[in-house]
Protein chains: 2
Amino acid sequence: MTTIQMIEAAATRIGNRALRTPLLSSPFLDEIAGRRVFVKPECLQRTGSFKFRGAWSAISALEPEVRKRGVIAFSSGNHAQGVALAARLHGIAAVIVMPADAPRLKIDNTRAYGAEVVLYDREREDRDALGAALAEQRGLTLIKPFDEPQVIAGQGTVGLEIAGQAREEGIEQADVLVCCGGGGLTAGIALALEARAPGLRARPVEPQGFDDTARSLKSGQIERNVRLGGSICDAIITPEPGRLTFPITSRLCGPGLAVSDEEALRAVALAFSRLKIVLEPGGAVALAAALFRPDEIKGDAVIAVGSGGNVDPDIFSGALSRYGA
Amino acid sequence: MTTIQMIEAAATRIGNRALRTPLLSSPFLDEIAGRRVFVKPECLQRTGSFKFRGAWSAISALEPEVRKRGVIAFSSGNHAQGVALAARLHGIAAVIVMPADAPRLKIDNTRAYGAEVVLYDREREDRDALGAALAEQRGLTLIKPFDEPQVIAGQGTVGLEIAGQAREEGIEQADVLVCCGGGGLTAGIALALEARAPGLRARPVEPQGFDDTARSLKSGQIERNVRLGGSICDAIITPEPGRLTFPITSRLCGPGLAVSDEEALRAVALAFSRLKIVLEPGGAVALAAALFRPDEIKGDAVIAVGSGGNVDPDIFSGALSRYGA
């Protein structure tokens, strides 16, 4: 179980290898939201998303004898790149297992960060069996994307930074909106805020139709998504909350929010024009909620985490042409 | 004449009103450049460019009795927005004089930051006479865009931050490439580095065909540009180096560099895909030089200032469609 001590230890292990991302703001966004809006741009983080923090935390927490044999991860997205770079900076091997039909750009980027990419056929091969065989043969340690205490601790370092930055801005009470997939980032931030900024409350934000965490928080038990595809916010679509993350978010988080794909794309365009940052649609849902769900938020300030910026240029340009000021 | 003491005093007056922008990096950019590349993203600065620093510095340095009557500036670009917001945060009036044919978006943004925009007809009205009459009537103080000691001191705070951040990264010797128009940012950074990081050397970067500063540094006297329009890097086109900035850059800077519009747009696309920041073409020329002029740069690391991000969505999308990975 992740604790505040583990989060602080993760921050120490990470040191200056991860970027301490700033808090950004714009009077134009404040005006739309009707309150002060602050954005924590984890898109600027190494590999373009917060995932590098959790990957570094988990890899650096391994026993040296175990770590040197290498790590393995299943991901075609931000987790893959985070694990690949964190492993390379540790000087160890990383094997990333991806579906053969993953976008070429994601495969190339993951390889460029130094990982060995193993492709499998979604229709005919069992990913978990393939990964287990590889891990067994080569003594690799599996780095899970969210349901792993040291990964949650690493993502929690975002919350430590928010606690300090909110204090500098004079914010004592506020909702902290977090783009939520499996809940690793949300849970980590919630734990850090509980200990270091108890007036701040973490709240998950999801795409409409994929609000498994919001529904689970409401019902008090793990609820699944009906669909697993069909949202432009692909980076944060998961079947259900994690077995480790849900007890944390359930104890600490305020109600979840959900936004439409169109609202996410409008937030992408506003982050471009007003903050000069690149967000992927899934990384913009928290900002979208901050801007377009004013009645569901409390307080005169709101903090939104921009969780990642690994977006296809065509999708980005499409958001600008439709919603760019 | 601007001194290091004035730069440090400006940093104190600015306090946390300006963002301490981070240093960003990506292994992909290192590979292109053949050395470590660090980018100081002043596009993330308030109002989307470094100009807010100089405006704050100049306005905060005025005598209170003078300041409260308000300020005036001639600009349709980043300086206008910097002055407008710095004035508003001081609770004073700002009058911004712009040509009537300036882009509607820039006029609207400047107004939205709280300034009074006065439009003039480029063909039939004398801008300076109009401004002088307004200043006289209302007791406004002119805030010049670069040739003003306190403006140079404000821009120099970028150099103070670079000196500290380079030390944290272990960089002792490196070229610091700076997008250069009138030379206020370049001169301020050069002064700060001279005092606080003497192993770092500021070098101006300009668009090809508008390299007045590079040619002036070479000849030892102020040289003018032949043309004043026709580059996509409009934010950094000026007729000639400033009377105050040139003696500073001439004493302290290394040789100037120049890049093509196409190289600037490629840098815009790479800053999007690899750093997740939005640069305007004129704000990307230093990064372009870092990436595409490896033989003209010394050392195993280079620092490039990304000076602004106020770019039209169509131009940005055009850069992505042509050069986006």
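Here is what the cut-offs are and how they apply
Residues numbered from 1 in each chain as written. Chains lettered and ligands numbered in written order. Predicted model: local features only at pLDDT ≥ 70, side-chain atom pairs only at ≥ 80, totals over all residues. Heavy atoms only, no water. UniProt positions renumbered as here; feature names shortened; annotations may be inferred. Helix = DSSP H or I, 4+ residues; strand = E, 2+ residues; numbered from the N terminus. Rg over C-alpha atoms; globule rule 2.2 N^0.38 Å. Buried < 20%, exposed > 50% of the residue type's maximum accessible area, 1.4 Å probe, protein only. Contact = heavy atoms within 4.5 Å. Buried area = accessible area lost by both parts, 1.4 Å probe. Salt bridge = Lys/Arg side-chain N within 4 Å of Asp/Glu carboxyl O. Polar contact = N/O pair within 3.5 Å; in protein donor to acceptor, adjacent residues only side chain to side chain. Nonpolar A, V, L, I, M, F, W, Y, C, P; charged D, E, K, R; others polar. Axes fitted to C-alpha atoms, helices over the stretch in contact; angles between N-to-C directions. Parallel < 35°, antiparallel > 145°, perpendicular 65-115°, else oblique. Pairing = 2+ DSSP bridges. Domains from an automatic or database assignment.

Named according to an unreviewed UniProt entry, chain A is Threonine/serine dehydratase originating from Rhizobium straminoryzae. Comment text from UniProt for chain A, heading Sequence similarities (unreviewed entry), reads "Belongs to the serine/threonine dehydratase family."

Attention now goes to the overall build of chain A. Summing up its helical and strand segments, chain A has 14 helices and nine strands in all. Its C-alpha atoms give chain A a radius of gyration of 18 Å, within 12% of the compact-globule value 20 Å for 325 residues. Each principal axis of the C-alpha atoms in chain A carries an extent, and together these give about 55 × 45 × 40 Å. Out of the 325 residues belonging to chain A, those deemed buried represent 62%. Long-range pairs, those at least 24 residues apart, make up 73% of the contacts in chain A between residues at least 6 apart in sequence.

Listed by partner, the interface residues are 31 residues for chain A and 31 residues for chain B. Considering only the surface of chain A that becomes buried against chain B, A:Phe28, A:Phe272 and A:Lys276 emerge as the three largest contributors, covering 24% of it. Summed over the shared surface of chain A and chain B, the number is zero salt bridges. Our enumeration of links across chain A and chain B arrives at nine residue pairs in polar contact (both at pLDDT 80 or more). For the side of chain A that touches chain B, the secondary structure elements donating two or more residues are α2 (27-33), α5 (78-90), α6 (104-112), α12 (261-275) and α14 (313-323) of chain A. In terms of residue count, α14(A) provides more of the side of chain A that touches chain B than any other element does, four residues in total. Counted by class, the side of chain A that touches chain B contains 21 nonpolar, six polar and four charged residues.

This brings us to the UniProt feature "domain: Tryptophan synthase beta chain-like PALP" (unreviewed entry) in chain A. Mapped onto this structure's residue numbering, the UniProt feature "domain: Tryptophan synthase beta chain-like PALP" (unreviewed entry) falls at residues 20-305 of chain A. As annotated, residues 20-305 of chain A comprises 45% helix and 16% strand, and the C-alpha atoms at either end are separated by 13 Å.

Moving on: the packing of helix α1 (residues 4-14) of chain B against helix α3 (residues 51-61) of chain B. Residue and element names in this part refer to chain B. One way to put it is that α1 packs onto α3 with a least axis distance of 9 Å and a crossing angle of 90°. With respect to α3, the element α1 is oriented roughly perpendicular. For the pair α1 and α3, the contacting residues are Ala10, Arg13 and Ile14 in the first and Arg53, Trp56, Ser57, Ser60 and Ala61 in the second. Of the residues belonging to the contact of α1 with α3, the class tally is four nonpolar, two polar and two charged.

So, about the environment of B:Pro294. All names here are of chain B. One can find Pro294 in the loop between α13 (285-292) and β9 (301-306). Using a relative accessible area of 29% as the deciding quantity, one classes Pro294 as partly exposed. With 260 residues separating them in the primary sequence, Pro294 and Gly34 have C-alpha atoms 7.2 Å apart. The residues touching Pro294, leaving out its near neighbours within four places in the chain, are Ala33 and Arg35.

What follows concerns the pairing of β9(B). Residues and elements named next belong to chain B. The element β9 is largely enclosed, with a buried count of six among its six residues. The side-chain alternation of β9 yields two buried faces, one formed by Ala301, Ile303 and Val305 and the other by Val302, Ala304 and Gly306. Bridging between strand β1 (residues 36-41) and β9 involves six bridges; their strand directions are parallel. Looking at β9, one finds that Val37 is bridged to Val302. With three bridges joining them, strand β6 (residues 174-179) and β9 adopt parallel strand pairing. Looking across to β9, one finds that Asp175 is bridged to Val302.

With that settled, consider the pattern of salt bridges. Per the stated rule, a full pass over the model turns up 36 salt bridges over all chains. One salt bridge connects A:Asp128 with A:Arg127, and the closest N-O pair in it is separated by 3.3 Å.

All names here are of chain A. Among the structural elements, Gln155 can be located in helix α8 (residues 149-168). Reaching out from Gln155, the side chain makes a polar contact with the backbone nitrogen of Gly54 at a distance of 2.9 Å. For Gln155, the residues in contact, after removing those within four places along its chain, are Phe50, Lys51, Arg53, Gly54, Pro145, Gly184, Leu185 and Ile189.

We now examine the domain arrangement of chain A. All names here are of chain A. According to the domain assignment, chain A consists of domain 1 (4-50 + 148-323) and domain 2 (52-142). Here the C-alpha centre of domain 2 lies 25 Å away from the C-alpha centre of domain 1. Taken together, the 25 residues of domain 1 in the interface contact 15 residues of domain 2. Interface of domain 1 and domain 2: buried area, both sides summed, is about 1600 Å²; carbon and sulfur atoms make up 55% of it. When the buried area of domain 1 at its contact with domain 2 is split by residue, Arg13, Arg46 and Thr47 rank highest and sum to 34% of it. Taken together, the connections running from domain 1 to domain 2 amount to two salt bridges. Our count for the contact surface shared by domain 1 and domain 2 stands at 13 residue pairs in polar contact (both at pLDDT 80 or more). Elements with a contribution of two residues or more to the side of domain 1 that touches domain 2: α1 (4-14) and α8. Considering each element in turn, the side of domain 1 that touches domain 2 owes the most residues, eight residues, to α8.

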